[in-house]
Amino acid sequence: MAASMPLISVRGSDGLHLTYGPPKYNEYEKFEKDTSRICRVMAFSQDGKYFAWSNGSQVNVISLPSCSPVLQIAKPKTTCLQFSPTGNFIITWEPYSAIKENPRDNSNLHIWEVKSGTCLHSFIQKKQYLWYPQWSTDEKICARNVNNEVHFFENNVFTTITKKIFLQKVSEFSLAPGPPPYHIACYVPGSKGQPSFVRLYRYPPCEGNSSVIANKSFFKADKVEFSWNKKGTGLLLLTSTDVDKTGASYYGEQLLHYLGTSGDTSIVKLAKDGPIYSMSWSPRCNEFCVVYGFMPAKATIFNLKCEPVFDFGTGPRNAVYYNTHGNMLILAGFGNLRGNVEVWDMTIKKLITRTQASDSTFLSWCPDGEHILTATTSPRLRVANGYRVWHYTSSLLFEKKWGSDQELWEVCWQPCPPDTFPETEIKYTPVAGIQPPEAQVPKQAYRPPALRGKPSTFKLHDEDEPPSNIKQSNQTIVPLSKSAQKNKKKKEAKKAKKEQEQVEERDENQLGNETSPVYTEVDQTETTGDPEKDKKIRNIKKKLDQISKLKTKEQEGKTLELNQLEKIKKESELLKELEKLQL
């Protein structure tokens, strides 16, 4: 029996509801719509069996697909929700506030057991940034960052800290997914001239140098973004500074590093200068894609050795999304770009289709790996809110628009367990939709009638580079350092200048031939028998040749300097002197 399509949860100013996925799209009748206008947050469990939301009066948890109530939590101020990896626990967070009457009872982070409804433990978590505790995939260990330490709890007993990682001023950590042995990456920002660093540990013991697998240090890093692959064997670190001191980029300076649980570390060398917009691991865990560089941005696939494997060329894009099976990939350009969406077949590295989802602020693959959800949400855009469902062949299947007085805040797919949907054969023919794909009409700049139909030499920016399969063509991209790139540009400019001078000199010689006699090498071969006299003759002819070129420039309307004008006046004297020497 085929698996049923996942539901779509929708949260906005008119409340919260669930709808069917393709091909129905109507509201899910088993779910009673919550009409509260202050639904702050919603969340699915990772397997899609539970759904929770906060409506301003309480937190509700239901089971799917029956929508039967499982748990109600009297925490009306809850603004953050998250399920543990297997869905056994739900964590709630509300803004911290001190209680004068009972200062000890001001915990704002609570861990609840879903089935029993009991609160296992409560913590004080003042900052919303990275508020949630992190579990291993099997929920055997849980970790929190507390006062420069990472605390570990085992078997969900939160009254006893079993292990600690102490690093001075540790600000962030990330617990890898996947089976044991567990791995933890910790980030310590640099200070007083010392570099920042990320240290990778194995759990247990997390004590001493024996548990440190890898260490990566860097000077240019005000913050770090962690990205693990699905197996938890590879970690990408996106380091960035708030300000680029060179002034080259609005985004600050960014670098991408790789750490492996085998102890390998490497920097990902990118072939174009500029910001790193997006990066994503393939679900197959054998490669990752990076979108980077000044517009038009470049997109490149790298293997686990950080070697470029396939280059998508350049284009207007700033985001990358793999589907569930890793056999398709989307390159998109949102925000200040026009919403271009490219869908690629990753098996043969071929473009399937190209369309446009204008004004989109959100994109997500459906768990079936074939459908795509795009949305325009508030507060990013407060007008023309709504969402669309597409087929990967660019066919628009469904569209829901919000009124001018309403806002759409969030929309997302119901997750599904792995292997729920089998990988299907990729098709290139668009399926039937509610309307054909938007026609991409190329816009051309105005050209005067006299230049129409003629090739243009004007370029507003560099033309987009075509894709290239680096692996098949046995080519390797060796990115140049900044100093090498500067030297290369200087050499190219010097070479171009030299070529231009040679062209100008040749043109001047040709013009000189038309206006005045040129003293050629044939004339110079005629000798008088006196070496000193021959030398004087050659010098005079050289000066006369220069005068001829200057006169040509004067005829063309170019302004000459005083010394050049004086040189022209001496032409008659030089001709008389030449006559005497040749007699």
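Predicted model, so just to flag it, every value in this text is computed and none were measured.

Quick look at the overall build of the protein now. Each helix and strand in the protein was counted, giving 5 helices and 35 strands. Relative to its 583 residues, the protein shows a buried fraction of 44%. Long-range contacts, defined as pairs at least 24 residues apart, comprise 44% of the intrachain contacts of the protein with a sequence gap of at least 6. Of the roughly 32900 Å² of accessible surface on the protein, 51% is carried by carbon and sulfur atoms.

The residue Arg317 is located in the loop between β26 (308–315) and β27 (319–322) in this model. For Arg317, a relative accessible area of 2% puts it in the buried group. A distance of 3.0 Å separates the side chain of Arg317 from the backbone oxygen of Gly313, its partner in a polar contact. Among residues more than four places away in sequence, those in contact with Arg317 are Tyr277, Val291, Met295, Ala297, Lys298, Ala299, Phe312, Leu331, Ala332, Gly333, Leu337 and Glu342.

Time to look at the sheet that holds strand β10 (residues 119–123). Pairing in this open sheet of 4 strands is antiparallel, and the strands run β7-β8-β9-β10 from one edge to the other. The sheet is open, and its two edges are formed by β7 (80–83) and β10, each paired on a single side. With direction set aside, neighbouring strand axes in the sheet form an average angle of 15 degrees. Of the pairings in the sheet, the one linking strand β8 (residues 89–93) to strand β9 (residues 109–113) comprises 5 bridges and is antiparallel in character. If you follow Trp93 over to β9, its bridge partner there is Leu109.

Take the pairing of strand β12 (residues 141–146) next. As defined by bridge partners, strand β11 (residues 134–135) adjoins β12 across 2 bridges and the pair is classed as antiparallel. Among the inter-strand pairings, Gln134 is bridged to a residue of β12, identified as Ala143. Between β11 and the antiparallel strand that follows it, β12, lie 5 residues; Glu139 among them carries a positive phi value of about 60 degrees. In this sheet, strand β13 (residues 149–154) lies alongside β12 in antiparallel orientation, the contact comprising 6 bridges.

As a rule of thumb, nonpolar side chains are buried together in soluble globular proteins. By size, the foremost hydrophobic cluster in this structure holds 16 residues, and its most contacted members are Val150, Phe152, Ile165, Leu167, Ile184 and Cys186. Broken down by secondary-structure element, the contributors of at least two residues to this core are β12, β13, β15 (172–175), β16 (182–188) and β17 (196–203). Broken down by element, this core gets its largest block of residues, 4 residues, from β16.

On average, residues of the protein score 82 in pLDDT, and 83% of them are at 70 or above. Here residues 472–477 is a poorly scored stretch, pLDDT under 50, and it has 6 contacts once near neighbours within four places are set aside; other chains count. A low-confidence stretch, residues 511–525 (pLDDT under 50), is modelled with 20 contacts involving residues beyond four sequence positions or located in other chains.

Moving on, we come to the pattern of salt bridges. Inspection of the entire model under this criterion finds 11 salt bridges. For Arg11, the salt bridge identified is with Glu410, shortest N-O distance 3.0 Å. Of this pair, Arg11 sits in strand β1 (residues 8–12) while Glu410 sits in strand β35 (residues 408–413), and the two are 399 residues apart along the sequence. Exposure remark for Glu410: the relative accessible area of 25% places this residue in the partly exposed category. Of the charged contacts in the structure, one is a salt bridge between Lys569 and Glu566, with a shortest N-O distance of 3.8 Å. Placement of both Lys569 and Glu566 in helix α4 (residues 562–569) is noted, with a separation of 3 residues, approximately one turn of the helix.

The next point concerns unusual backbone geometry. Omega for the bond connecting Pro180 with Pro181 falls within 30 degrees of zero, at 0 degrees, which places this linkage in the cis form. Tracing the backbone through its elements, the reader meets Pro181 in the loop between β15 and β16. Of the consecutive residues Met295 and Pro296, the connecting peptide bond is found in the cis state with omega at 0 degrees. The residue Leu130 is not glycine, and still its phi comes out positive at about 55 degrees.

Packing of helix α3 (residues 531–555) against helix α5 (residues 571–582) brings their axes to within 10 Å, and their N-to-C directions diverge by 150 degrees. Overall, the two elements α3 and α5 adopt an arrangement that is roughly antiparallel. Helix-helix and strand crossings are classified by hand; for α3 and α5 the assignment is left-handed. Side by side, α3 and α5 meet where Lys533, Lys536, Ile537, Ile540, Lys541, Lys543, Leu544, Ile547 and Lys551 of the first sit next to Glu571, Leu574, Leu575, Glu577, Leu578, Leu581 and Gln582 of the second. Looking at the contact of α3 with α5 residue by residue, the class counts come to 8 nonpolar, 1 polar and 7 charged.

Here we come to the packing of aromatic side chains. Inspection of the entire model under this criterion finds 23 aromatic pairs. Ring geometry for Phe310 and Phe312: centres 5.0 Å apart, planes at 80 degrees, overall edge-to-face. By way of ring pairs, the aromatic residues Phe89, Phe123, Trp135, Phe153 and Phe158 are connected into one cluster. A cation sits over an aromatic face here: Lys24 above Tyr20, 4.5 Å from the ring centre.

A separate point is the sheet that holds strand β31 (residues 362–365). Taken in spatial order, the 4 strands make up an open sheet running β31-β32-β33-β34, and their pairing is antiparallel. Sheet topology places β31 and β34 (396–401) at the edges, where each strand pairs with a single neighbour. Neighbouring strand axes in the sheet, compared pairwise and without regard to direction, differ in orientation by 15 degrees on average. Of the pairings in the sheet, the one linking strand β33 (residues 386–391) to β34 comprises 5 bridges and is antiparallel in character. Looking across to β34, one finds that Tyr387 is bridged to Lys400.

A word on the packing of α3 against α4. Where α3 meets α4, the axes come as close as 9 Å, and the angle between the chain directions of the two elements is 120 degrees. One way to sum up the angle between α3 and α4 is to call them oblique. Note on packing geometry: the crossing formed by α3 with α4 is left-handed. In this structure, α3 uses Gln546, Ile547, Leu550, Lys551 and Glu554 to contact α4, whose residues at the interface are Gln564, Leu565, Lys567 and Ile568. Of the residues in the contact of α3 with α4, the class split is 4 nonpolar, 2 polar and 3 charged.

Reading guide: rules and limits
- Residues numbered from 1 in each chain as written.
- Predicted model: local features only at pLDDT ≥ 70, side-chain atom pairs only at ≥ 80, totals over all residues.
- Heavy atoms only, no water.
- Helix = DSSP H or I, 4+ residues; strand = E, 2+ residues; numbered from the N terminus.
- Buried < 20%, exposed > 50% of the residue type's maximum accessible area, 1.4 Å probe, protein only.
- Contact = heavy atoms within 4.5 Å.
- Areas by Shrake-Rupley, 256 points an atom, 1.4 Å probe, with all protein chains shown as cover.
- Polar contact = N/O pair within 3.5 Å; in protein donor to acceptor, adjacent residues only side chain to side chain.
- Pairing = 2+ DSSP bridges.
- Axes fitted to C-alpha atoms, helices over the stretch in contact; angles between N-to-C directions.
- Core = buried A, V, L, I, M, F, W, Y, C linked by side-chain atoms within 4.5 Å.
- pLDDT = per-residue confidence, 0-100.
- Salt bridge = Lys/Arg side-chain N within 4 Å of Asp/Glu carboxyl O.
- Parallel < 35°, antiparallel > 145°, perpendicular 65-115°, else oblique.
- Left-handed = near helix turned anticlockwise from the far one by under 90°.
- Nonpolar A, V, L, I, M, F, W, Y, C, P; charged D, E, K, R; others polar.
- Phe/Tyr/Trp six-rings, centres within 6.5 Å; stacked < 30°, edge-to-face > 60°.
- Lys NZ or Arg CZ within 6 Å of the ring centre and 35° of its normal.

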